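Single-letter residue listing:
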Amino acid sequence: MDLKEKLVSSFLAFENGVDLDHPVHDIRTEAIKNFETKGFPTKKEEAWKYTSLNTLQKIDFSIFPKKESMLEYRDVKKYFIHEIDTYKIVFVDGVYSSFLSETTHDGVDVCLMSSALNKPMYKQIIDVYFNKIASKDDSLTSLNTAFSREGAYIYIPKNKIPKKPIEIVHFSTGNEAALLLQPRNLIIAEENAEMQIIERHQSLTSNEVFTNSVTEIYAAKNSNVDYYKVQNDLTTASLIDNTYIDQKDGSVVKVHTFSFGGKLTRNNLNFYQNGERINSTMKGVTIIEEKQHVDHHTLVHHIQPNCESHQDYKGIYGENATGVFNGKIIVDKIAQKTNAFQQNNNILVSDKATINTKPQLEIFADDVKCSHGCTIGQLDEEALFYLQSRGIPKKEARALLMYAFANNVLESVRIPELKVRINKLIANKLGVRLGFDL
Amino acid sequence: MLKINNLHARVEDKEILKGINLTVNAGEVHAIMGPNGSGKSTLAAVIAGKEEFEVTEGEVFLEGENLEDTSPEDRAHKGIFLSFQYPVEIPGVSVTNFMKTAINESRKAKGLEDMPAKDMLKLIREKSEMLEIDRKFLSRSLNEGFSGGEKKRNEIFQMAMLEPKLAILDETDSGLDIDALRIVANGVNKLKSKDNAVIVITHYQRLLEYIVPDFVHVLHNGKIVKSGTKDLALELEEKGYDWLKQETVI
């Protein structure tokens, strides 16, 4: 049985475990129909031309984990930003771990999607927000919607700021030979609310994991959301991240994506500017090697006038790694005075590494500022010689140059401890110990 | 200190150095002058070990040791320093952190521990004061957004920090106003001792008024066509290079 058939037939079993009378279940039923019609995307589709899901579909993934797994905090501490106090929503093999988590209802809600779906007090919010900005057309999003029942639920009321950053962490333990995970997150910032979120997916063994995640973020008037995605997984872990962001007047949403590892990583990052004076920022650093594959597909839809968007993605590809960047910007006819900036710079460290980069601009307004640029190059030999002539060995010199290349993306990281961590991950990736703390 | 025998070097198929002979002893200052494209910067880069240039004939010795197949970093560890004509910008790495890395890598190569932070700070303070460098400057990203003069001053600051045996200054005077030139030249003079040597590459006599050479060599078409004392520089300033080119033909 192929993976699609297995998923469709599993939906009946899934229905046994959820409330069929809840309005969300109608949404799920619609979604499984869409997935059944469309199936997994193929390379024939323009948006999937360079990313194939064929190999993944041949793996016999478990859809519902059978065994419960326990993790000791000390064994997984290093995957948290443990230097600071954070709220934590932690899942082990897709199941919520209350032991590793620290949730709150103190003025703000940092808790679980399952609670939000099951408890009557959240029903109104679910009715208003659930699956409203997520695509009803995209087959992978539909697949997630059909099986949605667990994930993070974060609700920050008007004028509130949580006391600390929020970490959403998914561990997979390898208790199943191959595991499919489909977390579903709903994040709402009401007017003037602020929050910082760090999301990480971490496989703890070399058993196959395939995560198809959907996150909906609603940023109301003048709210401010910082979202950091740390993708530094094993080469047997694949991730398709579908993130949909709805922004209202004056809101600022920044998403940083750090892609340092994984077998196949696809980031579908979609911003919809439903208001004026909005700022949407997307930044990314990708450093991969071996046969790893990272695909960034961004979309910014400028629907209203006087908004801006900034995209800055840097990629360093070694060995046989492959990368994709596709940045789509749509500016509607009424979205005058739009300022859209997009940049994608890449360094190929090996002859066998490849990157396919494509800006895709659809502009219907006439008074806008849109700029885009992409570069693909090698390390600057003159710069390398400069560093070597100061006594810095070639390997360290290369690392320093790569660090410098990626550096400006890190400048906007607003959690200092996270910045230090990312710097260390980069130094680690580049295989060097530099003479100072990166 | 430095001995160059019949040095030939090329980049791709183009021969640039066509038999250079040069001896520089400890305590000496040598100036190398010559028209554009004569091979001055190539000579500097070949001494510093730039791999882009292929040495096809001849040798370079530093303190009696043949530098053939020695990497640029190893040459730096042995005491060669090249002040670049166009220093490279490294965003995200401060001048201070860059110097820490450079010094500690050199120490590591010599089997020494990292320099204690306290000593490093003291050294940085001392050398930056000597070159009249503002403390704020040291926390800026290396060469990023620096003016031409700041870049050159920063090169000499690095030289002061690394204390090389042989310093090669490649057109350090270009892009400097007269005040900056004086500061840079003073710095070089203070660093000079009987145990080290300096090679100054320049187009103009101007810098040589401040850094007074013991010998002046004229490079033309990949060869040293004339050597003399500091008076040769004055003669060149007056007459230009054309008379030398003609002499060579004869």
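Values in this document were obtained by computation on a predicted structure and should not be read as measured data. (Residues numbered from 1 in each chain as written. Chains lettered and ligands numbered in written order. Predicted model: local features only at pLDDT ≥ 70, side-chain atom pairs only at ≥ 80, totals over all residues.)

S.K.: I'd like a rundown of the overall build of chain A, residues and numbers included.
M.R.: In terms of helices and strands, chain A carries ten helices and 20 strands. Against the compact-globule benchmark of 22 Å for 438 residues, chain A has a radius of gyration of 21 Å, which places it among compact chains. Over its C-alpha atoms, taken along the principal directions, chain A stretches across nearly 70 × 55 × 45 Å. Expressed as a percentage of its 438 residues, the buried residues of chain A come to 49%. Within chain A, contacts between residues separated by at least 24 positions form 82% of all contacts whose residues are at least 6 apart in sequence. (Helix = DSSP H or I, 4+ residues; strand = E, 2+ residues; numbered from the N terminus. Rg over C-alpha atoms; globule rule 2.2 N^0.38 Å. Buried ≥ 20, exposed ≤ 12 C-beta atoms within 10 Å, placed from the backbone. Contact = placed C-beta atoms within 7 Å.)

S.K.: I'd like a rundown of the overall build of chain B, residues and numbers included.
M.R.: When you go through chain B residue by residue, the secondary structure sums to nine helices and twelve strands. Relative to its length of 250 residues, chain B is compact, with a C-alpha radius of gyration of 18 Å against a globular reference of 18 Å. Dimensions of chain B, computed from the C-alpha atoms along their principal axes, are close to 60 × 40 × 35 Å. Here chain B holds 250 residues, and the buried ones make up 43% of them.

S.K.: Let's hear about helix H7 (residues 139-146) of chain A: which residues, and what values?
M.R.: Residue and element names in this part refer to chain A. For H7, a buried count of seven out of eight residues is recorded, marking the element as mostly surrounded by other parts of the structure. All of the buried residues along H7 are Leu 140, Thr 141, Ser 142, Leu 143, Asn 144, Thr 145 and Ala 146. Of the surrounding secondary structure, the elements contacted by the buried residues of H7 are helix H1 (3-15), helix H2 (23-38), strand E7 (184-189), strand E9 (208-219) and strand E11 (237-247).

S.K.: Quick rundown of the domain arrangement of chain A? Include the residues and the values.
M.R.: All names here are of chain A. Taken domain by domain, chain A comprises domain 1 (3-396) and domain 2 (397-438). One C-alpha centre belongs to domain 1, the other to domain 2; they are set 22 Å apart. Class assignment of the residues belonging to the side of domain 1 that touches domain 2 gives a composition of 17 nonpolar, five polar and ten charged. (Domains from an automatic or database assignment. Nonpolar A, V, L, I, M, F, W, Y, C, P; charged D, E, K, R; others polar.)

S.K.: Please give an account of the interface of chain A and chain B that cites residues and values.
M.R.: On the chain B side, the residues contacting the 21 residues of chain A number 24 residues. Residue assignment for the side of chain A that touches chain B shows that the elements contributing at least two residues are helix H8 (381-388) and helix H9 (394-410) of chain A. It is H9(A) that provides the largest number of residues to the side of chain A that touches chain B, a total of seven residues. Grouping the amino acids of the side of chain A that touches chain B by side-chain chemistry returns ten nonpolar, six polar and five charged.

S.K.: Describe the environment of Ala152(A), naming the residues involved and giving the relevant values.
M.R.: All names here are of chain A. Considering the arrangement of structural elements, one finds Ala 152 in strand E4 (residues 152-156). For Ala 152, a count of 29 C-beta atoms within 10 Å puts it in the buried group. Remark: the alpha-carbon pair of Ala 152 and Ala 116, spanning 36 residues in sequence, is separated by 9.3 Å.

S.K.: An account of the nonpolar core is needed here, citing residue identities and associated values.
M.R.: Membership of the largest hydrophobic core comes to 160 residues, with the highest contact counts inside it found for Ile154(A), Leu400(A) and Ile168(B). Mapping this core onto the domain boundaries places at least three of its residues in each of domain 1 (3-396) and domain 2 (397-438) of chain A. By size, the runner-up hydrophobic cluster in this structure holds 16 residues, among which are Leu7(A), Leu143(A), Ala146(A) and Ala237(A). (Core = buried A, V, L, I, M, F, W, Y, C linked by C-beta atoms within 7 Å.)

S.K.: Help me get a handle on the sheet that holds strand E10 (residues 224-232) of chain A, residues and values and all.
M.R.: Residues and elements named next belong to chain A. Spatially, ten strands are ordered E2-E1-E5-E8-E10-E12-E14-E16-E18-E20 in an open sheet, and the strand pairing comes out mixed. A strand with exactly one partner marks an edge of an open sheet, and here the two such strands are strand E2 (95-96) and strand E20 (369-377). Bridge analysis of strand E5 (residues 166-172) against strand E8 (residues 194-203) gives seven bridges, and the strand direction is parallel. Of the residues in E8, the one forming a bridge with Glu 167 is Ile 198. (Pairing = 2+ DSSP bridges.)

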